[in-house]
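Architecture and fold: a report
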Amino acid sequence: MKKYIYALFMALIVLSACQEEFFEPKYSNEQTLEEIIGNPQIVQGFLMNAYNVLPNGHDHYGGFLDCATQNAVRNNLNTALSRTIEQTWQAAINPLNNWNNTYKGIQSVNRFITYGLKPVGSELREDSLLIFFQGPSEEDSIINAELRQRLTGEAHFLRGYFYFDLLKRFAGIDESGEVMGVPLITELQNPQDIESLPRATFSQVIDQIATDLKIAADTLPAAYDGTAGADLIVYSAQEYGRPTSVAANALLSRVYLYAGSELYEQDNRTEMNEMAAAYAAKVMDEVGTSLPNVYGDAGNSDYDAYFTNYENAEMIMARIGGQNRSIETRNFPPSFGGQGQTNPTQNLVDAFPMADNGYPISDPSSGYDATNPYAGRDPRLDLTVFHNGVTFQNGETVDLFQGGKDVSGGATGVANESNSSRTGYYLRKWLAKGADIGQGTNAFHYFALIRKGEVFLNYAEAMNEAYGPENDPEGFGLTAVDAIAEVRRRGGILSDDYLTDNSSNQSVVREIIRNERRIELCFEGHYFFDLRRWGGDLSDLNTTVEKMTITRSGSTDSYDISELFTPQFDEHMKFGPMPIDELLKVPTLTENEGW
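What comes next concerns the included structure. Just so it is clear, the structure is predicted and the values come from calculations on it, not from any experiment.

Reading the values: rules and limits
- Residues numbered from 1 in each chain as written.
- Predicted model: local features only at pLDDT ≥ 70, side-chain atom pairs only at ≥ 80, totals over all residues.
- Heavy atoms only, no water.
- Helix = DSSP H or I, 4+ residues; strand = E, 2+ residues; numbered from the N terminus.
- Rg over C-alpha atoms; globule rule 2.2 N^0.38 Å.
- Buried < 20%, exposed > 50% of the residue type's maximum accessible area, 1.4 Å probe, protein only.
- Salt bridge = Lys/Arg side-chain N within 4 Å of Asp/Glu carboxyl O.
- Phe/Tyr/Trp six-rings, centres within 6.5 Å; stacked < 30°, edge-to-face > 60°.
- Lys NZ or Arg CZ within 6 Å of the ring centre and 35° of its normal.
- Axes fitted to C-alpha atoms, helices over the stretch in contact; angles between N-to-C directions.
- Parallel < 35°, antiparallel > 145°, perpendicular 65-115°, else oblique.
- Left-handed = near helix turned anticlockwise from the far one by under 90°.
- Contact = heavy atoms within 4.5 Å.
- Expected span 1.5 Å × (residues − 1).
- Nonpolar A, V, L, I, M, F, W, Y, C, P; charged D, E, K, R; others polar.
- Pairing = 2+ DSSP bridges.
- Polar contact = N/O pair within 3.5 Å; in protein donor to acceptor, adjacent residues only side chain to side chain.
- 1 Å grid on protein atoms, 1.4 Å probe; cavity = no way out; pocket = protein on both sides within 12 Å on 5 of 7 lines; lining within 4 Å.
- Points joined across faces, edges and corners; volume = space filled by probe spheres on them.

Looking only at helices and strands, one finds 20 helices and 12 strands in the chain. Taking 2.2 N^0.38 as the reference for a compact globule, 595 residues should give roughly 25 Å; the C-alpha atoms of the chain span a radius of gyration of 25 Å, in line with that estimate. By its C-alpha atoms, the chain is 85 × 55 × 50 Å across when sized along the principal axes. Counting over 595 residues, the chain shows a buried share of 58%.

Here it is in structure tokens:
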């Protein structure tokens, strides 16, 4: 009989909370196709292989994607992210290009659906439907049915996630003048067939994503908390990291929010925003209408309980990482042994409002003091940014005044041009205080795929666009103002006078929501896409990037804000390019205008 040689991943069925990888693969030997698709462990391995395509870190773009926006810069100019914003965004050097790997994930899902979930003819397998769990007792058939249902939901969730990831990166207007998406592959196909597929339209891809995610929402559990019988085997807490129905609805809220955005020019934008609000409301029905206080008390600068614990109450879905200090080595200030690669900008620092009244610092009523610029600010500033004078490990401070130990050429000589900040700030978010580079101490890390704060922000934006700031005609339980107020309350804004004073003004509430997305979700891969999907003119993309210089005289510091560079994005760069290598080998693909 003809042999097929497959390098396949065989999956461990039970996840361990301490695993460093999402799923640990094993490999099969040479087997016939009949043997492969008749082995439930191997067939599940197709799906497990797809999990490996999920992003494995917040800086998986060759750094944080915020470094291609006004939120941050890299201290190395010779990177794709730096070139994208500081020189010219080039199709050949595109930090967004994950085309090949993502389609591999989609093919793995399609392979699992074909051989694991669909009936297969008797010439390939004795049983029409694959049995994933087989035993002598009556309960074993229940376990098999529940496991099949869960795996069905997982497969459709992953395919929906992958297609949305492709869509936000590669959608654009081609020569037809229509907003196009990416090729849709929902069946197992041969490579030669795949290479002749045209791009689907943007709306067609949205429809397919929604179809997949709705199947996932209908077939996945709300949580992995089974304690007895079949539920203990199929839905135990050891399955953490797999999607849930809550994650599917949360992702639907994100998908519909994008679809309703100005950039994509859809005729049904209002309907899309209504759908985004409705699916976010479904999530709130499960998780509640208040956000967990995972950031600690206002002013608490020790955020390790959030940065290193993937089981914190904020997470809806996370990819489990492991014990290491890699992100700290790349991003700690030089006096703490790091390379200082990610430098938040003055623009981002200025986006954090005042804690006492919620006013932006540009407003005369805010109480902001330019001679003491970090005092009285939203506590999330300290969660996000190392600024001058912050105390960190072993009681040591970050010194960012001229001559300070974290400025190139400063005291102790540890900081130089290759490891010091270009903006007067270093990244704090996602870095573990417990990871000590000098002592060789590691800390646990995870990657937040979907979290509750984002759902509240999705809801607030969608409700404001669909119904206005203070209306809840569908009876979801919160208005746009209610939802954004909760995000700001959890962030540490003590008395939100600014939101209260402007609660009936849709345009002001819109700007508050957008600013909250910027600061709450920074360094999580959202702002680059948010800034574009919101529409507007090129001035939003080409705002001058600013830095801070601090000069110390005795015990007095003076603060000087100056220009670092001005981006030169062109109109067509509201969309990204299609992959050059795919355009060359697939004649049916079209390029986005301007590229």
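Inspection of the entire model under this criterion finds 31 salt bridges. Between Glu314 and Arg451 there is a salt bridge; the shortest N-O distance is 2.8 Å. Within this pair, whereas Glu314 is found in the loop between helix 11 (304-307) and strand 6 (315-324), its partner Arg451 is found in strand 10 (residues 443-451), the two being separated by 137 residues in sequence. Take Arg451: its relative accessible area is 2%, and that puts it in the buried class. Each of the salt bridges in this network shares a partner with another, and the network as a whole consists of Glu314, Asp378, Arg380, Lys429, Arg451, Arg488, Arg490, Asp496, Glu516, Glu520 and Glu524.

Following the criterion strictly, the structure yields 31 aromatic pairs and no others. Taken together, a centroid distance of 6.4 Å and an interplanar angle of 45 degrees make the contact between Phe46 and Tyr115 tilted. With Phe46 in helix 2 (residues 40-51) and Tyr115 in helix 4 (residues 99-117), the pair connects residues that are 69 residues apart, well separated along the chain. One aromatic cluster is present, formed by Tyr295, Tyr303, Tyr306, Phe307, Trp430 and Tyr446 through successive ring pairs. Here Arg490 stacks its cationic end above the ring of Tyr295, 4.6 Å away from the centre of that ring.

Glancing now at the packing of helix 15 (residues 452-467) against helix 16 (residues 480-491). Relative to each other, helix 15 and helix 16 sit at 150 degrees, their axes nearing to 8 Å. Accordingly, the angle class assigned to the pair helix 15 and helix 16 is roughly antiparallel. As helix 15 runs across helix 16, the sense of the crossing is left-handed. Of helix 16, the residues touching helix 15 (which contributes Gly453, Phe456, Leu457, Tyr459, Ala460, Met463 and Asn464) are Ala480, Ala483, Ile484, Glu486, Val487 and Arg490.

As a further point, take the environment of Gly337. In this structure, Gly337 sits in the loop between helix 12 (326-331) and strand 7 (342-344). Gly337 gets classed as partly exposed once you look at its relative accessible area, which sits at 40%.

A separate point is helix 4. Quick reminder: α-helices carry 3.6 residues per turn. Residues three or four places apart thus point the same way. Its 19 residues give helix 4 an end-to-end C-alpha distance of 26 Å, which sits within 8% of 27 Å, the value for a rise of 1.5 Å per residue. Taken across its 19 residues, helix 4 has 15 buried, putting it largely inside the fold.

Take the packing of helix 16 against helix 18 (residues 506-520) next. One way to put it is that helix 16 packs onto helix 18 with a least axis distance of 11 Å and a crossing angle of 35 degrees. Crossing of helix 16 against helix 18: the hand is left-handed. Within the contact between the two elements, helix 16 uses Val481, Ile484, Val487, Arg488 and Arg490 and helix 18 uses Val509, Ile512, Ile513, Glu516 and Glu520. Classifying every residue of the contact of helix 16 with helix 18 by side-chain character gives 6 nonpolar, no polar and 4 charged.

Our next topic: the pairing of strand 12 (residues 556-565). Consecutive side chains along a regular strand alternate between the two faces of the sheet. Alignment of strand 11 (residues 545-553) against strand 12, held across 9 bridges, turns out to be antiparallel. Its bridge partner being in strand 12, Ile550 is matched across the sheet by Tyr559. Linking strand 11 back to strand 12 in an antiparallel pair, the connection comprises 2 residues, with Gly554 at a positive phi of about 65 degrees.

Moving on to the side chain of Asn419. Relative to the helices and strands, Asn419 resides in the loop between strand 8 (385-386) and strand 9 (426-427). Residue classification places Asn419 among the buried positions, given a relative accessible area of 12%. From its side chain, Asn419 meets the backbone oxygen of Val414 in a polar contact 2.9 Å long. Of the polar contacts made by the side chain of Asn419, one reaches the backbone nitrogen of Asn416; its length is 2.7 Å. In contact with Asn419, other than residues within four places in its own chain, are Asn75, Pro334, Gly338, Gln339, Gly340, Val414 and Tyr426.

We now examine the environment of Glu417. In this structure, Glu417 sits in the loop between strand 8 and strand 9. With 160 residues separating them in the primary sequence, Glu417 and Leu257 have C-alpha atoms 41 Å apart.

So, on to the pairing of strand 10. Across the 9 residues that make up strand 10, a large majority, 9, are buried. One ladder, built from 7 bridges, connects strand 6 with strand 10; its direction is antiparallel. By the bridge assignment, Ile320 is partnered in strand 10 with Tyr446.

For the structure on display, the rule yields 2 cavities of 30 Å³ or more. Reported here for the largest cavity is a volume of approximately 230 Å³. Along the walls of the largest cavity sit 21 residues, with Tyr161, Lys168, Arg254, Phe447 and Glu524 positioned nearest its centre. Counting residues per element, the ones that place at least two in the lining of the largest cavity are helix 5 (138-170), helix 9 (245-259) and strand 10. Split by residue class, the lining of the largest cavity holds 10 nonpolar, 4 polar and 7 charged. As a volume, the second largest cavity reaches approximately 90 Å³. Along its surface, the second largest cavity is lined by 15 residues, and Lys168, Phe529, Arg532, Lys574 and Phe575 are the ones closest to its centre. The set of elements that each furnish at least two residues to the lining of the second largest cavity consists of helix 5 and helix 19 (527-533).

It is worth spelling out the environment of His572 at this point. Structurally, His572 can be placed in the loop between strand 12 and helix 20 (580-585). As a C-alpha pair, His572 and Gly594 span 22 residues in sequence and 5.4 Å in three-dimensional space. Excluding residues within four positions of it along the chain, His572 makes contact with Glu593, Gly594 and Trp595. There is a polar contact of 3.4 Å between the side chain of His572 and the backbone oxygen of Gly594.

Further remarks concern the side chain of Arg254. Structurally, Arg254 can be placed in helix 9. Look past the residues within four positions of Arg254 in its chain and what remains in contact with it is Phe164, Leu449, Ile450, Glu454, Asn458 and His526.

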